[in-house]
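Read off the chains here:
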Amino acid sequence: DERAVVLIGVAGNEAPATYAERFVARLKKEHEIKPQESRAVDSPEWTGYYVSVEEEAPRGGERSYLHYLWARIGGVTYQLIGAGADRYRKDLRNTALSLRPLAEEDWKSIYALRVRAVEALEDESLGQLGGRTGNRWTVVYTALINDLPVNRRLKAGTLVKIARQEHYRPE
């Protein structure tokens, strides 16, 4: 019902407590808000810091909560933010604390479209090239990206940008 959201991103390379302490200090100074909860968190896969903030309920409305988690995994500190109405408080907290590195089976289920350059065969059409190379773009989009007419017959060795679906792995 779009009353809760969870966002995740890279915070940087500092320790989770450093980000949390700065955040709590800013809350107190700029908004005169004290967190409901602020504590170090350790899981088997990472160390982190968790902060929970209650927002004032709008007149006649439901209270909402913001949950912040900074977690250090593999030399990088990630920030997870969960926000939602009071009824989602437990779910958002549990989601924040469920963060973990991806297992091998998780990696195998993730795909990405990768742009690749492939060589055309003599007198090949964009449609034929796309079928032969596993291009995920339409012929029209491939022509647009390569600044070519849709019906162009290609010369052998012409480099054409395509999108190929591949298993995702961070580079």
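Going by the structure above, here's the rest.
Residues numbered from 1 in each chain as written. Predicted model: local features only at pLDDT ≥ 70, side-chain atom pairs only at ≥ 80, totals over all residues. Heavy atoms only, no water.

**Describing helix H4 (residues 126-133)**
Counted only if it meets this: Accessible area is worked out with a 1.4 Å probe on protein chains only. A residue is then buried under 20% of its type maximum, exposed over 50%, and partly exposed in between. Per the convention used, a helix needs a DSSP run of H or I reaching at least four residues, while a strand needs a run of E reaching at least two, with both numbered from the N terminus. What the arc describes is the spread of directions from the helix axis to the C-beta atoms. Only heavy atoms enter the contact rule, under which two residues are in contact if any of them lie within 4.5 Å.
Among all positions in H4, only Leu126, Leu129, Gly130 and Thr133 are buried. Mapping the buried residues of H4 onto a view down its axis gives an arc of 100 degrees, with all of them on the same face. In this structure, the buried residues of H4 make contact with strand S6 (111-119), helix H5 (139-146) and strand S7 (159-167). Phi turns positive one or two residues past the end of H4, at Gly134, with a value near 75 degrees.

**Points about unusual backbone geometry**
Look at Glu32: it is not a glycine, yet its phi comes out positive at around 55 degrees. For Glu32, the location among the structural elements is in the loop between helix H1 (16-31) and strand S2 (37-42). If you check the backbone angles, Asp147 has positive phi at about 55 degrees while not being a glycine. Note that Asp147 resides in the loop between H5 and S7.

**Some remarks on the pattern of salt bridges**
Definition in use: Definition used for salt bridges: Asp or Glu carboxyl oxygen within 4 Å of a side-chain nitrogen of Lys or Arg.
Within this structure, the stated rule accounts for five salt bridges. Ionic pairing is found between Glu14 and Arg22, a salt bridge with its closest N-O pair at 2.6 Å. One salt bridge connects Glu166 with Arg116, and the closest N-O pair in it is separated by 2.7 Å. Of the two residues, Glu166 is situated in strand S7 and Arg116 in strand S6; the sequence distance between them amounts to 50 residues.

**Here we look at a nonpolar patch on the surface**
The line we're drawing: Patches here: salt-bridge-free residues with over 30% relative accessible area, like charges joined within 9 Å, nonpolar side chains (Val, Leu, Ile, Met, Phe, Trp, Tyr) joined within 5 Å. Areas reported here follow the Shrake-Rupley algorithm with a probe of radius 1.4 Å; residue values treat only the protein chains shown as occluding.
Among the surface-exposed residues, Val139, Val140 and Val150 lie close enough to one another that they form a single nonpolar patch of about 230 Å² accessible area. When you line up the elements, Val140 lands in helix H5.

**Re the packing of aromatic side chains**
Stated precisely, the cut-off is as follows: Put simply, two rings from Phe, Tyr or Trp (the six-membered ring, in Trp's case) pair if the centres are within 6.5 Å, and we call them stacked under 30 degrees between planes, edge-to-face over 60, tilted for the rest.
Under the counting rule described, the total for this entry stands at five aromatic pairs. Residues Tyr68 and Trp70 carry aromatic rings whose centres are separated by 6.0 Å and whose planes lie at 15 degrees to one another, so their mutual orientation is stacked. Exposure class is identical for Tyr68 and Trp70. Each is buried. Geometrically, the ring pair formed by Trp107 and Tyr168 is stacked, given 5.8 Å between the ring centres and 25 degrees between the ring planes. Separated by 61 residues along the polypeptide, Trp107 in helix H3 (residues 104-108) and Tyr168 in the segment after S7 bring together distant segments of the chain. When its relative accessible area of 17% is taken as the criterion, Trp107 is described as buried.

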